[in-house]
Amino acid sequence: MYIKLALRNLRRSARDYGIYFLTVAVTVALMESFLALACARDVLSLSENMGILTTGIVGVSVLVALLSSCVIAYGVGFMLGQRKQEFALYQLMGMELRTVQRMFFWENGLLGLAAFGLGALLGTGLAGVLAQGVWWIFQTPHQYQVVASPKALGMTFLLFLLMYGVGALRAGRVLRRQSIQGLLTSRRANEVPGRWRPGRWFLLVAPALTGMALGLLLLRKALDMQTNGAWAYLAGGGGLLLGGVYALYRGLPGLLLAAARRRPKVKYSRGRLFYLGQMGARVATAGRVLAVTGILLTLALTALFVGLALGSGYRANMEAYYPYDAGVAVDAPLTKQSAQPLLAAVDRQCPVEDSVTYFLYETPYGTEAMALSDYNHLRRILDLEEAELGPGEYLVHCDTWNFWEEIQQSLAQAPMLSLAGQRLTPGTPSLRTEPMEQYQMAGERGYALVVPDQVAQSLPEKGWRVVMDLQGGGTAALREEIRTFLHSAQWRPQLLPGRTMPEKVTMGVSVQAWGVANSLTGFTTLSFCGLYLSLVILLLSCTILVFHQLSALDRNQRQYAILRQLGVDRQTRSRWMAWELGTFFLLPFLLPAGVTGLLSAAAQRLMGPAVLQPGVFLLCGAAALGIFAGVYGLYFGVTYRLFRRSVG
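Quick caveat, the model's predicted, so the values are computed rather than measured. (Residues numbered from 1 in each chain as written. Predicted model: local features only at pLDDT ≥ 70, side-chain atom pairs only at ≥ 80, totals over all residues. Heavy atoms only, no water.)

Here's the deal with the overall build of the chain
When its secondary structure is counted, the chain shows 21 helices and nine strands. Taking all 648 residues of the chain together, the buried fraction comes to 49%. By sequence separation, contacts in the chain at least 24 residues apart represent 83% of the contacts at least 6 residues apart. (Helix = DSSP H or I, 4+ residues; strand = E, 2+ residues; numbered from the N terminus. Buried < 20%, exposed > 50% of the residue type's maximum accessible area, 1.4 Å probe, protein only. Contact = heavy atoms within 4.5 Å.)

Dropping the structure here:
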């Protein structure tokens, strides 16, 4: 009987359960699709470091489950609030409290299992779309196929139980703590309007704006720092920003409402008196909801922007990080002839079309120097125009953007250098910035001096380097083959005459094919985890707003019924409904959109020179706002349709 009663209640409360069912189903679909992607063998085989995608998605999924459990508990509370009178009547007719609880759990259990089944089905199909995106990123031809993973389905079900368990505990606690009288009268309780004066609302808004401004300054400071202290600035700036957002949304609705009430022309024109009355009755309870959703939406948009921006910037620069087909760096004074066995071993795996063996030289200026002939050989391998230096000239090569301004100032203030007993002046141009991998192959600090050969040969050798241009670009497996050869007995390098082996020898191997594949792994992880987290937070935030609007249906039905009896036409009532709902959806949207715009502009200004693709941060900001606005607008449309149909 109780199961039949639960099914009948589900059919009767389809309106209330619809948004809840949709939220759970879509959350499960996203969770299952991303976990299936993280477990897909074809995806994990694309690079040897692809496991970080699995780690990232599993970590985000746990966070998603925790966030979703709070929203599901909120939804369960909403549905419980809609049916308190019904449950009170059951108890008055003799049904025990535990039987009412069991029936409500049956309803939610059946609804949850149906939502899980639909979400798992949708997620399996969506996983194939996500996999197609990964294969497109890696430029690997592949046809669409359904990506089904029992492991991913099992993890999704465990996380689903966690999400639902929190809601069940909350529902049981509410039913146990309230008396029958409380259940009967709770929906008729009067809402407490906000009675603060504008000055007191301002006491919330002014510190909120100050805290947000200070938070942005701390974040700006963190972006300029190159030490671990930047994390403290990031934490402090983020905390102030989120606290400011919460306080702003708690005080801003009341401040705007109080200001509007003080202006008669605004208050008494075009139905705004009714609008202000509606807002005034709900501003005290709406402020907290707007604050929470404002913070969630800010986090969602920030996560989406950061994922897209870092991933796109990483992808745009990945070939600059690995400009050479293959390279070996050993910080020891080896002879150039030591490279011959290495080149022969590589040539057997992949034909070597060109190569250069050279030294990095020590200088008294804290950076390395390169001979002009070696520097030009590297430029020929990279298909760059060769550089020219006159007698007694030098140039600086720096492919690290945050050093450019400092180097240019140094060249302007103290251009003369003294190396090997010779005075050198800057050539024309004095600074070159093409990507040449200056933290290993063409320097160790992000920049290097380029000097005439006779000057370089008078300096002490510091690092031994070999760069190879391979037929077809080589393969990712070549990196491990080179590393195996260098550590085998087949390679017996020789030291320069009169030099000794350092106590600690640093060795590095760079292969473009391997580096690009693993860079794409980083891009994929950042982009997909950011997209995953932001979509779920956006979904949950919109659900909170929808529940909050639907929870006020009883009062709104009475208010709009009075308007209908007074002769207000349907079109006017629909317009006022749009004003009311639009306010609650627009206010949480404005600040996250503004923060995203500021972040994209600041990132473009501060880090734009480091990315080879122009305007990448602005494009990512626009894409994040577009995705955000699309999903947000969809939820607003659904809410408005339900609200108008219920209120009339």
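Additional details are given in the paragraphs that follow.
Quick word on the pairing of strand E2 (residues 352-362)
As defined by bridge partners, E2 adjoins strand E8 (residues 461-470) across nine bridges and the pair is classed as antiparallel. Paired with Tyr361 across the bridge in E8 is Glu461. Of the pairings in the sheet, the one linking E2 to strand E3 (residues 368-371) comprises two bridges and is antiparallel in character. Its bridge partner being in E3, Glu362 is matched across the sheet by Glu368. Following E2, the chain reverses through five residues before pairing antiparallel with E3; Gly366 in that reversal takes a positive phi of roughly 80°. (Pairing = 2+ DSSP bridges.)

What to know about the pattern of salt bridges
Side-chain pairs of opposite charge can arise where the charged atoms are in close proximity. Under the defined criterion, the tally for this structure stands at nine salt bridges. Between Lys462 and Glu444 there is a salt bridge; the shortest N-O distance is 3.5 Å. Separated by 18 residues along the polypeptide, Lys462 in strand E8 and Glu444 in the loop between strand E6 (422-432) and strand E7 (447-451) bring together distant segments of the chain. Lys462 gets classed as partly exposed once you look at its relative accessible area, which sits at 24%. In this structure, Glu444 and Arg465 form a salt bridge, with 3.1 Å as the shortest nitrogen-oxygen distance. Here Glu444 is found in the loop between E6 and E7, whereas its partner Arg465 is found in strand E8, with 21 residues between them in sequence. (Salt bridge = Lys/Arg side-chain N within 4 Å of Asp/Glu carboxyl O.)

As for the environment of Glu461
By secondary structure assignment, the location of Glu461 is in strand E8. Taking C-alpha positions, Glu461 is 9.7 Å from Tyr358, a pair spaced 103 residues apart along the chain. When neighbours within four sequence positions are excluded, Glu461 is seen to be in contact with Phe359, Leu360, Tyr361, Leu496 and Arg499. At 3.0 Å, the side chain of Glu461 and the side chain of Arg499 are in polar contact. (Polar contact = N/O pair within 3.5 Å; in protein donor to acceptor, adjacent residues only side chain to side chain.)

A look at the pairing of strand E1 (residues 326-330)
Most of E1 sits out of view: five of its five residues are buried. The side-chain alternation of E1 yields two buried faces, one formed by Ala326, Val328 and Val330 and the other by Gly327 and Ala329. Across five bridges, the pairing between E1 and strand E9 (residues 507-511) is antiparallel. The partner of Gly327 across the bridge, within E9, is Ser510.

A few points about the packing of aromatic side chains
Throughout the structure, instances matching the rule amount to 14 aromatic pairs. Here the aromatic cluster, defined as three or more aromatic residues joined through ring pairs, consists of Phe585, Phe589, Phe628, Tyr632, Phe636 and Tyr640. The ring of Trp514 has Arg479 lying over it, and the distance from NZ or CZ to the ring centre is 3.8 Å. (Phe/Tyr/Trp six-rings, centres within 6.5 Å; stacked < 30°, edge-to-face > 60°. Lys NZ or Arg CZ within 6 Å of the ring centre and 35° of its normal.)

Notes on the nonpolar core
Tyr20, Val24, Leu37, Val43, Ile57, Tyr532 and Tyr632 are the most contacted members of the largest nonpolar core, which has 104 residues in total. In terms of residues, this core owes the most to one element, helix H18 (residues 512-550), which gives 18 residues. Excluding residues that lie within four positions of it along the chain, Tyr632 makes contacts with Leu297, Leu538, Cys542, Leu545, Phe584, Phe585, Pro588 and Phe589. The next biggest cluster of nonpolar side chains, apart from the first, holds 43 residues, and it includes Cys398, Ile407, Leu431 and Val451. (Core = buried A, V, L, I, M, F, W, Y, C linked by side-chain atoms within 4.5 Å.)

Section: the packing of helix H6 (residues 97-137) against H18
Running from amino to carboxyl end, H6 crosses H18 at an angle of 145°, the nearest separation of the two axes being 10 Å. As for the relative orientation of H6 and H18, their crossing is right-handed in sense. When H6 is examined against H18, the residues Leu130, Gly133, Val134 and Ile137 are found in contact with a partner set consisting of Leu520, Phe523, Thr524 and Phe528. (Axes fitted to C-alpha atoms, helices over the stretch in contact; angles between N-to-C directions. Left-handed = near helix turned anticlockwise from the far one by under 90°.)

Comments concerning a nonpolar patch on the surface
Residues Val62, Leu66, Leu162 and Val166 make up a contiguous nonpolar surface patch of about 290 Å² in total accessible area. On the secondary structure map, Val62 appears in helix H4 (residues 51-82). (Patch = residues over 30% accessible without salt bridge, like charges linked within 9 Å, V, L, I, M, F, W, Y side chains within 5 Å. Areas by Shrake-Rupley, 256 points an atom, 1.4 Å probe, with all protein chains shown as cover.)

Observations concerning helix H17 (residues 478-486)
For H17, the set of buried residues is Leu478, Arg479, Ile482, Phe485 and Leu486. All buried residues of H17 fall inside an arc of 130° around its axis, so they share one side. Contacts from the buried residues of H17 go to E1, helix H13 (339-349), E8, E9 and H18. (Arc of directions from axis to C-beta.)

Side note on the environment of Glu580
Mapped onto the elements, Glu580 comes out in helix H20 (residues 570-607). With 31 residues separating them along the chain, Glu580 and Gln549 place their C-alpha atoms 9.6 Å apart.

Some words on the sheet that holds strand E4 (residues 393-398)
Ordered in space as E5-E6-E4-E7-E3-E2-E8-E1-E9, the nine strands form an open sheet in which the pairing is mixed. Because the sheet does not close on itself, it has two edges, and the strands there are strand E5 (417-419) and E9. The sheet shows a mean angle of 30° between the axes of neighbouring strands, taken without regard to direction. One ladder, built from four bridges, connects E3 with E7; its direction is parallel. Bridge pairing in E7 links Met370 to Val450.

Some points on the side chain of Glu32
The topology assignment puts Glu32 in helix H2 (residues 14-39). Those residues in contact with Glu32 that lie beyond four places of it in its chain are Ala120, Gly123, Thr124, Ser149, Ala152, Leu153 and Thr156.

Concerning unusual backbone geometry
A cis amide bond, omega -5°, links Thr428 with the succeeding residue Pro429. Within the secondary structure layout, Pro429 lies in strand E6. Its identity is not glycine, yet Ala420 carries a phi of approximately 55°, on the positive side. By the secondary structure assignment, Ala420 is in the loop between E5 and E6. You will see that Glu437, though not glycine, has its phi angle at about 60°, which is positive. Topologically, Glu437 is positioned in the loop between E6 and E7. On the accessibility criterion, Glu437 (15% relative accessible area) is buried.

Take it as geometry only, folks, not as evidence of what the structure does.
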